[in-house]
Amino acid sequence: MTDPARKPLKKDQAYQTIRQLLLDADDPEVIYSERFLAAELDMGLAPVRSAVERLRSEGIVEMIPKSGVRIPQITYREVMDFFEVRILLEPFIAGRLAGQVRPVQAQALKTLIADQRRAATTGDTLEYHRLDLAFHSTLAEMYGNREMVHALAQMRDKMYRLSKYIHRTHPDRLATNVEQHEKVVLAILDGSCAEARQAMETHLQWGRDVNIAPADRR
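Asks: Hey, could you run me through the overall build of the protein chain in this one?
Replies: Each helix and strand counted, the protein chain has 10 helices and 2 strands in total. The order of α-helices and β-strands along the protein chain, N terminus first, is α-α-α-β-β-α-α-α-α-α-α-α. Sorting the 218 residues of the protein chain into buried and exposed places 43% on the buried side. Taking all contacts inside the protein chain whose residues are at least 6 apart in sequence as the whole, residues at least 24 apart take part in 75%. Carbon together with sulfur atoms contributes 52% to the accessible area of the protein chain, which is approximately 12100 Å² in total. Separation between the mean location of the 31 positive side-chain charges and that of the 31 negative ones in the protein chain comes to 3 Å.

Encoded structure:
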């Protein structure tokens with residue numbers, strides 16, 4: 001019988017730690033050697049190599065011959081494709097939630113908005129970044145379509161990188177972001193399907209346009 005309390009395998013620990021290290025890197029151009037990662041994690045090369053291969057197979061990192069690994073740049077086409085999928089899914093979710101959320105769910109959404117506004121006011125971009133991701137995932141989970149939740153979860157790493165870049169480089173846009181989130185929530189709580197859909201679509205189109213602005217292209 002498997003012991004549920006047993007420690008995670010070293011290769012799984014390495015995977016999670018390296019993945020977060022690379023996603024949080026301020027400079028995506030930095031190349032990390034396997035030996036550096038092993039020293040950073042205080043692990044042997046075997047679990048690190050296993051973790052790196054898993055990250056490569058998932059498309060999270062790219063291998064640089066004789067150098068190491070790095071996070072691949074997100075191309076213009078990838079940004080457009082990413083937001084096209086989200087614009088299809090998330091306005092639908094917002095519309096279907098309109099007038100359907102329970103009181104405890106409504107309070108959770110109001111709390112998220114209040115926390116976002118506080119982070120935006122104080123300029124805490126890292127906290128706002130976390131709350132931004134939580135807002136979108138919370139709506140999907142409230143709707144409850146597991147396939148949609150899964151589809152959005154698969155895009156989470158890219159969502160993480162794009163929103164992290166915008167929040168860090170343009171903290172002035174946090175106030176606009178939270179206002180758009182609040183419009184979505186108010187429409188949902190008012191039971192207006194059309195307004196909820198439109199508010200979410202407007203928000204995502206804004207995010208897309210911010211990411212593809214010439215000055216921001218990576």
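And the narrative resumes.
Asks: Would you mind showing me how to read the packing of helix H6 (residues 125-143) against helix H9 (residues 174-190) here?
Replies: Geometry of a packed helix pair, given as the angle between the helix axes and the separation of the axes. At their nearest, the axes of H6 and H9 sit 12 Å apart, and the two run at 25 degrees to each other. Taken as axis vectors, H6 and H9 run roughly parallel relative to one another. Between H6 and H9 the crossing geometry is left-handed. In this structure, H6 contributes Thr125, Tyr128, Asp132, Phe135, His136 and Leu139 to the contact, and H9 contributes Leu174, Asn177, Val178, His181, Val184, Val185 and Ile188. Along the lines of polarity and charge, the residues of the contact of H6 with H9 split into 8 nonpolar, 4 polar and 1 charged.

Asks: Just to check I follow, could you spell out helix H3 (residues 45-57) for this structure?
Replies: It helps to recall that an α-helix has 3.6 residues per turn; residues three or four apart then point in one direction. With 13 residues, H3 ought to run about 18 Å at 1.5 Å a step, and its terminal C-alpha atoms sit 18 Å apart, in line with that. Within H3 the residues assigned to the buried category are Pro47, Val48, Ala51, Val52 and Leu55. Looking straight down H3, one finds its buried side chains confined to an arc of 135 degrees; they lie on one side. Of the residues in H3, the exposed ones pointing more than 90 degrees away from the buried face are Ala46 and Ser57. Gly59, located one to two residues past H3, shows a positive phi value of around 80 degrees.

Asks: How should I be thinking about the packing of aromatic side chains in this particular structure?
Replies: Given two aromatic rings, their pairing is described by the distance between the two centres and the angle made by the two planes. On inspection of all chains with the given rule, the structure shows 3 aromatic pairs. Between Phe82 and Phe83, the aromatic rings sit 5.0 Å apart at their centres with planes inclined by 85 degrees, giving edge-to-face as the arrangement. Overall, the relative accessible area of 4% leaves Phe82 in the buried class. By relative accessible area, which is 4% here, Phe83 ends up buried. Relative to Tyr143, the ring of Phe92 lies with its centre 5.9 Å away and its plane at 85 degrees, an arrangement referred to as edge-to-face. Of this pair, Phe92 sits in helix H4 (residues 76-97) while Tyr143 sits in helix H6; the two residues are 51 residues apart in sequence, bridging distant segments of the chain. Judged by relative accessible area, which is 25%, Phe92 ranks as partly exposed.

Asks: I tried to follow the environment of Asp81 on my own but got confused; where do I start?
Replies: Counting through the fold element by element, Asp81 comes out in helix H4. Asp81 gets classed as partly exposed once you look at its relative accessible area, which sits at 36%. In this structure, the C-alpha to C-alpha distance between Asp81 and Ser57, residues 24 residues apart in sequence, is 20 Å.

Calculation criteria
Residues numbered from 1 in each chain as written. Predicted model: local features only at pLDDT ≥ 70, side-chain atom pairs only at ≥ 80, totals over all residues. Heavy atoms only, no water. Helix = DSSP H or I, 4+ residues; strand = E, 2+ residues; numbered from the N terminus. Buried < 20%, exposed > 50% of the residue type's maximum accessible area, 1.4 Å probe, protein only. Contact = heavy atoms within 4.5 Å. Areas by Shrake-Rupley, 256 points an atom, 1.4 Å probe, with all protein chains shown as cover. Lys, Arg positive; Asp, Glu negative; His and termini not counted. Charge placed at Lys NZ, Arg CZ, Asp CG, Glu CD. Axes fitted to C-alpha atoms, helices over the stretch in contact; angles between N-to-C directions. Parallel < 35°, antiparallel > 145°, perpendicular 65-115°, else oblique. Left-handed = near helix turned anticlockwise from the far one by under 90°. Nonpolar A, V, L, I, M, F, W, Y, C, P; charged D, E, K, R; others polar. Expected span 1.5 Å × (residues − 1). Arc of directions from axis to C-beta. Phe/Tyr/Trp six-rings, centres within 6.5 Å; stacked < 30°, edge-to-face > 60°.

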